[in-house]
Every structure is written in structure tokens, then in C-alpha cells.
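# Coordinate analysis (summary)
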Amino acid sequence: LTDLIVRQSKKTSKSKVIEQRIHIGSVLDVLRDRDLPNLPRSKRLRLLKDRLIVVQYAIDGTGNHDFVAFVQDEETDCDVFITCLNMLRVRAQMVKMQTA
């Protein structure tokens, strides 16, 4: 995984589809609303919380990291995304161990 591409949903967004490409050195963690106890509790966020995903990622090999948060169209999509991303993380760790 080198880039995460986030697109606005055609189903839920009234604007044109916009794409954002985020360069990722490696995924450090994938979080849901329930994993973030200090998350601000705005009215709008409460409506979206079941579909919120936060990815913590390393930008490069220097230890710099950042977060990206986005909302999936469906709650079940969150579970599928997190499972797939975690599988990619495990695979990357296995490859790293084999080459070390």
C-alpha cells in the first residue's frame, strides 16, 4: 500500500466526485469511533460515527506520522475495509520479516 485514494460518494454527496490521494509509507493503526474515546461529540459526528474510520499512517521512514479520517457509505463497508487493510498490514510485516 503506497497510496490511499479517498473519493466522495456519488450516493451521499451532492457535489462533484472529488478524489484525494494520500501517500502512505506504512499503516500504523486503523480505528473506528469506538476506539477513540476522546473524539469530540458533535451532533453531526454522532450521526456519522458508526461509519467513521481513522487511519494512522507513517509518512516516511523518519518516524513522521499523520491521520486521515473518512466516512464510509455503509457501516458494513467499514468492517470490510478494516479487515482488508489489516490483512495488508500483516502481509507487509511478513514480507519485512522474510527480507530481514
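Our subject is the structure that appears above.
My aim in this report is to walk through the structure given alongside it, one point at a time. (Residues numbered from 1 in each chain as written. Predicted model: local features only at pLDDT ≥ 70, side-chain atom pairs only at ≥ 80, totals over all residues. Heavy atoms only, no water.)

## Description of the overall build of the protein
Secondary structure summary: the protein contains two helices and five strands in total. In the protein, the succession of α and β elements from N to C terminus is β-β-β-α-β-β-α. Taking the intrachain contacts of the protein between residues at least 6 apart in sequence as the baseline, contacts between residues at least 24 apart amount to 42%. When the accessible surface of the protein is split by element, carbon and sulfur atoms take 54% of a total near 7500 Å². (Helix = DSSP H or I, 4+ residues; strand = E, 2+ residues; numbered from the N terminus. Contact = heavy atoms within 4.5 Å. Areas by Shrake-Rupley, 256 points an atom, 1.4 Å probe, with all protein chains shown as cover.)

## Description of the nonpolar core
If you look at the biggest cluster of nonpolar residues, it comprises 14 residues, and the most contacted ones within it are Ile-53, Val-55 and Phe-81. Broken down by secondary-structure element, the contributors of at least two residues to this core are strand S3 (26-32), strand S4 (52-58), strand S5 (65-71) and helix H2 (75-99). For this core, the element with the most residues is H2, which contributes four residues. Beyond its immediate stretch of four places on either side in the chain, Ile-53 contacts Val-30, Leu-31, Arg-32, Val-68, Ala-69, Phe-70, Gln-72, Cys-78, Phe-81 and Ile-82. Leu-31, Leu-36, Leu-52 and Val-54 belong to the second-largest nonpolar core, a separate cluster that totals five residues. (Core = buried A, V, L, I, M, F, W, Y, C linked by side-chain atoms within 4.5 Å. Buried < 20%, exposed > 50% of the residue type's maximum accessible area, 1.4 Å probe, protein only.)

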